[in-house]
Amino acid sequence: MPGDRSNPCQGLMAAVDYDLTGHKGLVLIFRCTQCGELTRNIALTDDVHAPDDYDLILALKQKTQSSKR
Ligand SMILES: [Zn+2]
């Protein structure tokens, strides 16, 4: 359902990867820990109301890079 960002199963969303290939900037990829559904969220590191944890993003980068090499 386009535009519906709510998760019907209410599972916890864990950041598993990131994507820098788009033109929207840094996109975080989350996976539901209950049903495994993947969702993508643009990282809003300058959003004072709901800032994403930039340390977590950097940690994901390092983990992804090290696992790809
Ligand atoms: Zn789910």
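All residue numbers refer to position in the chain's written sequence, counted from 1. Per-residue local features are limited, in this predicted model, to residues with pLDDT of at least 70; the limit for side-chain atom pairs, both in listing and counting, is 80 or more; totals at the level of whole chains, interfaces and linings are taken over all residues.

(A) Local environment of the overall build of the protein chain. The helix and strand labels rest on DSSP assignments: H or I over at least four residues marks a helix, E over at least two residues marks a strand, and numbering proceeds from the N terminus. Helix and strand counts for the protein chain stand at one helix and three strands. Split into buried and exposed, the 69 residues of the protein chain put 3% on the buried side. The contacts of the protein chain with a sequence gap of at least 6 include a subset with a gap of at least 24, amounting to 24%. Every C-beta atom is placed from the backbone, and the number of other C-beta atoms within 10 Å of a residue's own sets its class: buried at 20 or more, exposed at 12 or fewer, partly exposed in between. By the convention adopted here, residues are in contact when the distance between their C-beta atoms, placed from the backbone, does not exceed 7 Å.

(B) Quick peek at the sheet that holds strand S1 (residues 13–19). Only strands that DSSP links by at least two bridges are regarded as paired with each other. The sheet built from three strands is open, its strands ordered S1-S2-S3 with antiparallel pairing. Each edge of the open sheet carries a strand with a single partner, namely S1 and strand S3 (38–42). Taken pair by pair, the neighbouring strands of this sheet meet at an average axis angle of 30°, ignoring direction. As paired strands, S1 and strand S2 (residues 27–32) are joined by six bridges and run antiparallel to one another. Note that in S2 the partner of Ala 15 across the bridge is Phe 30. Every axis corresponds to a line fitted to the C-alpha atoms, with the helix fit spanning only the stretch in contact, and the corresponding angles, defined between N-to-C directions, vary from 0 to 180 degrees.

(C) Representation of unusual backbone geometry in the model. A positive phi angle, near 60°, is found at Gln 10, a position not held by glycine. Here Gln 10 lies in the segment before S1.

(D) Examining the pairing of S3 more closely. The pairing of S2 with S3 spans five bridges and is antiparallel. Along S3, the bridge assignment pairs Leu 28 with Asn 41. Joining the antiparallel neighbours S2 and S3 is a turn of five residues, in which Gly 36 adopts a positive phi near 80°.

(E) Spotlight on the environment of Phe 30. Structurally, Phe 30 can be placed in strand S2. Along the chain, Phe 30 and Leu 12 lie 18 residues apart, while their C-alpha atoms are 9.4 Å from each other. Excluding its chain neighbours within four sequence positions, the residues that come into contact with Phe 30 are Met 13, Ala 14, Ala 15, Val 16, Thr 39 and Asn 41.

(F) Focus on the environment of Met 13. Relative to the helices and strands, Met 13 resides in strand S1. Put simply, Met 13 and Glu 37 are 24 residues apart on the chain and 8.9 Å apart in space, counted from C-alpha to C-alpha.

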